[in-house]
Amino acid sequence: MTLAILLSIEAPYVAIDQALGGINLANLILRLVIFAAIYFLGIRITKGFGADAAYRLITGRMGMTVLALTSLMVLVVFLMMDTAGSSAGMVAVSLKDSRNGQLVEFYGAAGRAYPAYVALVLLPAMVRTVSSTLPALVRVSAFLLALGAVATGWSLVFPLIPPEFGFVEFVINYVAVLCFVIGLALIGVAGMIYRRGPSHQKTSTDK
């Protein structure tokens, strides 16, 4: 995730991409790094919430097939574009001509497909947790993760959104990111609180 963040910032992106030949190879690496991060994050969440069915859908044959196909789609569309000229977010590439602009849209959609798959696989487990009797902090984190999953799923329709409503893409992206980040942070906080609980009680009793 640190590498993904680094490659999302223009200055280091351009520097790294120039070292790789200046053909936006860094963007392709970014997409694949995100796929890997989402894969391992999905595994951690399924184990944390005891979501065995979701775990199988991520790590089993279906999950591996989706990961392989989406990675192949990203690679094929990347090779179809004129990618010369380092540009964070492939902005300059999309402005070269209408064909490139369309391909960048498809490239972005292919890059969002696997994260959307993992997010939607996790959604049922998050919904069950929200309505469970688990501690409130855990249920709030599950609600945020569920909201982030829905937003990630909606990102698949970005190519259908007219340019004049481009701000909708911005809103959906940031809702997804914020919900996942805050949700995961709350899980970490909840873990620290409930791990300290029994030992703190024992100490108080001993005194």
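These figures come from a predicted structure and were not determined experimentally.

A. The arrangement of the overall build of the chain in detail. Secondary structure assignment for the chain yields nine helices and zero strands. Overall, the chain is about 70 × 35 × 30 Å in size when its C-alpha atoms are taken along their principal axes. Residue burial in the chain is summarised as follows: out of 207 residues, 38% are buried. Partitioning the contacts of the chain with sequence separation of at least 6, the portion at a separation of at least 24 is 65%. Accessible surface, the chain as shown: approximately 11900 Å² in total, 71% of it carbon and sulfur. Positive and negative side-chain charges in the chain, numbering 14 and 9 respectively, have mean positions lying 19 Å apart.

B. Quick look at the environment of Thr2. By the secondary structure assignment, Thr2 is in helix H1 (residues 2-7). By relative accessible area, which is 67% here, Thr2 ends up exposed. With 136 residues separating them along the chain, Thr2 and Val138 place their C-alpha atoms 26 Å apart.

C. Representation of the side chain of Thr129 in the model. Summarising the element assignment, Thr129 is placed in helix H7 (residues 98-130). A polar contact is formed between the side chain of Thr129 and the backbone oxygen of Ala125, at a distance of 2.8 Å. When sequence neighbours within four positions are dropped, the list of residues in contact with Thr129 reads Phe49, Leu134, Val138, Arg139 and Ala142.

D. Molecular detail of the environment of Tyr39. Structurally, the position occupied by Tyr39 is in helix H3 (residues 25-48). A relative accessible area of 16% means that Tyr39 is categorised as buried. Residues contacting Tyr39, with those up to four places away along its chain left out, are Ile58, Thr59, Met64, Leu67 and Tyr114.

E. A look at the side chain of Ser141. Position of Ser141 among the secondary structure elements: in helix H8 (residues 136-154). The class for Ser141 is buried, based on a relative accessible area of 0%. Side-chain polar atoms of Ser141 contact the backbone oxygen of Val138, separated by 2.6 Å.

F. Inspection of the packing of helix H5 (residues 61-80) against H7 at higher detail. Between H5 and H7, the least distance of the axes is 9 Å, while the angle of their chain directions is 165°. As the angle between them shows, H5 and H7 are arranged roughly antiparallel. In the packing of H5 onto H7, the handedness of the crossing is left-handed. When H5 is examined against H7, the residues Met62, Gly63, Val66, Leu67, Thr70, Met73, Val74, Val77, Phe78 and Met80 are found in contact with a partner set consisting of Arg99, Leu103, Phe106, Tyr107, Ala110, Gly111, Ala113, Tyr114 and Tyr117. In terms of residue class, the contact of H5 with H7 is made up of 15 nonpolar, three polar and one charged.

G. Broad picture of the packing of H3 against H5. Two elements in contact, H3 and H5, have axes separated by 11 Å at closest approach and are oriented at 170°. Taken as axis vectors, H3 and H5 run roughly antiparallel relative to one another. Along its contact with H3, which presents Leu25, Leu28, Arg31, Leu32, Phe35 and Tyr39, the element H5 presents Met64, Leu67, Thr70, Ser71, Val74, Leu75 and Phe78. Considering only residue class, the contact of H3 with H5 consists of 10 nonpolar, two polar and one charged.

Rules of the game
- What you see as residue numbers is a count from 1 along each chain, following the sequence as written.
- The model is predicted, so local features are restricted to residues of pLDDT at least 70 and side-chain atom pairs to those at 80 or more, both for listing and for counting; the totals for chains, interfaces and linings are taken over all residues.
- Side-chain metrics rest on all non-hydrogen atoms present in the structure, leaving aside hydrogens and water.
- To qualify as a helix, a DSSP run of H or I must reach at least 4 residues; to qualify as a strand, a run of E must reach at least 2; elements of each kind are numbered from the N terminus.
- The rule is simple: take the accessible area with a 1.4 Å probe, protein chains only, and divide by the maximum for that residue type; under 20% is buried, over 50% is exposed, in between is partly exposed.
- The contact criterion used is simple: two residues touch if any of their non-hydrogen atoms lie within 4.5 Å.
- Note on areas: Shrake-Rupley with a 1.4 Å probe; residue coverage comes only from the protein chains shown.
- Positive: Lys, Arg. Negative: Asp, Glu. His and the chain ends are not part of the count.
- Every charge is mapped to an atom, namely NZ of Lys, CZ of Arg, CG of Asp or CD of Glu.
- Here a polar contact is recorded for every N or O atom pair within 3.5 Å, except that within protein the pair must consist of a potential hydrogen donor and a potential acceptor, and residues adjacent in sequence are included only if both atoms are side-chain atoms.
- Axes, fitted as lines to C-alpha atoms, cover a helix only where it is in contact. Angles between the N-to-C directions of the axes lie from 0 to 180 degrees.
- Each angle receives one of four descriptions, namely roughly parallel if under 35 degrees, roughly antiparallel if over 145, roughly perpendicular if within 65 to 115, and oblique otherwise.
- Handedness of a crossing follows from how the near helix is turned relative to the far one, being left-handed for an anticlockwise turn of less than a right angle and right-handed for a clockwise one.
- Note on residue categories: nonpolar means Ala, Val, Leu, Ile, Met, Phe, Trp, Tyr, Cys or Pro, charged means Asp, Glu, Lys or Arg, and polar means any other residue, Gly included.

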